[in-house]
Amino acid sequence: MSAHIIDGKAAAARVLQQVRHDVETLKAEGIEPALAVILVGNDAASEVYVRNKILRAGEAGIRSLEHRLPADSSQARLLALIVELNADNTVNGILLQLPLPAHIDENRVLQAIDPDKDVDGFHSENVGGLSQGRNVLTPCTPSGCLHLLEETCGDLSGKHAVVIGRSNIVGKPMAALLLQAHCSVTVVHSRSTDARALCQLADIVVAAVGRPRLIDASWLKRGAVVIDVGINRIEDHGRSRLVGDVDFASATEVASAITPVPGGVGPMTIAFLMKNTVTAALQQAHAQRSQPEAVCLSTC
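Residues numbered from 1 in each chain as written. Predicted model: local features only at pLDDT ≥ 70, side-chain atom pairs only at ≥ 80, totals over all residues. Heavy atoms only, no water.

### Thoughts on the packing of helix α6 (residues 140–153) against helix α10 (residues 266–290)
Orientation of α6 relative to α10, taken along the N-to-C sense of each, is 105 degrees, at an axis distance of 8 Å. One way to sum up the angle between α6 and α10 is to call them roughly perpendicular. On α10, the residues touching C140, T141, S143, G144, H147 and L148 of α6 are M268, T269, F272, L273 and N276. Across the contact of α6 with α10, the residue classes break down as five nonpolar, six polar and no charged. (Axes fitted to C-alpha atoms, helices over the stretch in contact; angles between N-to-C directions. Helix = DSSP H or I, 4+ residues; strand = E, 2+ residues; numbered from the N terminus. Parallel < 35°, antiparallel > 145°, perpendicular 65-115°, else oblique. Contact = heavy atoms within 4.5 Å. Nonpolar A, V, L, I, M, F, W, Y, C, P; charged D, E, K, R; others polar.)

This is the structure we're talking about:
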C-alpha cells in the first residue's frame, strides 16, 4: 500500500476561499473583520509565524493590527494592552503569539483576553465550552486536523481515534473535537502502558508529541489515516530540515492516508485562525444587534 498524501496546502486554500467570501458578505453589511496580533520580544520563529498570519489576513480581506512589545515589557503593560483591545469594538479577534518571555505568566495573560475575541480558543471559558459541546471558538490546529479528517474520511462516526499527546493546545482539544464527531477516542501519553499497542487499534492516529519520527509503521494498523501535527527541525546528513512526529517513509507503506511535514497540518492552522476571526466578527455583530436599545429615564 502506498498512502494517499493529504494536501494541507490545497485544503487550506479552500478554507481561505470560503473565508474571503464570508468577509465580502460581512463588509457588504458594514462589518469589517479585524484581527489584533500581539508579539512580545523578537523570537525568530514567532516573527515568521506572525508575518505569515498577517499576510494571510490581508489575502482574506481581514484587517490586521500588529502590536509589538519589547522582550522586557512588564506583564502589567501587556495586560493593559489586552484590556484596551477587549474594549475596542472594531477589533474582533485577539491573537497573543506564544511563547512569551519567562517573566510573564502565560496563563494569567491568556485568561485576560475576552473569550468572544479569543480566536486561539485557549481561554478557559472556550475550553470548557468545547468539552461540553457548546458553540465556542476552538483551537485552530485541532480544528484544522478535524477538517482534514472529514475531507479524507467523510463521516467519522464510530471510528476509533488515537490522539498521541495531551497538551492543552492540541491533544486535549483534539480529543474533544473527535468525540463531538462521534469517534471512540483514546489519548496516549508518556505514562500510557504499551502506547504502540493502543495505536495499532486505531482507524485514525493524530500525532502531537514533539518527538521526531517517533511513530513508525509498527505503530499503525493497516489502512489507518494519520494526521501528523509534529514539526521538528533535525540535522540530516549535514542539512537542517523539518520532519514530523511520524516516520513518513515507513508509515506511507501501511497507512491509507497521511499528512506530510511540511505542507500538511501547518497551513490549516493559519486558515482556521482566519475562519475563527470571521466567526468572532459575525457572533459579535449578532450580539450587538440583539441588545435592546437604551431607554432614557426621566433622570437623563
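### Considerations on the environment of G8
Structurally, the position occupied by G8 is in helix α1 (residues 8–28). When the C-alpha positions of G8 and C153 are compared, they lie 15 Å apart, and in sequence the two are 145 residues distant. Setting aside anything within four residues of it in sequence, one finds G8 in contact with L148, G263, G264, P267 and M268.

### Examining the pattern of salt bridges
As enumerated under the stated definition, the model contains six salt bridges in all. For E59, the salt bridge is made with R56, and the minimal N-O distance between the two is 3.3 Å. Taken as a pair, E59 and R56 lie in helix α2 (residues 44–60) at a separation of three residues, close to a single helical turn. Since its relative accessible area comes to 42%, E59 is described here as partly exposed. (Salt bridge = Lys/Arg side-chain N within 4 Å of Asp/Glu carboxyl O. Buried < 20%, exposed > 50% of the residue type's maximum accessible area, 1.4 Å probe, protein only.)

### A look at helix α5 (residues 124–131)
Listing the buried residues of α5 in full gives N126, G129 and L130. All buried residues of α5 fall inside an arc of 100 degrees around its axis, so they share one side. Lining the buried residues of α5 we find α7 (171–180). Of the residues trailing α5, G133 is marked for its positive phi of about 80 degrees. (Arc of directions from axis to C-beta.)

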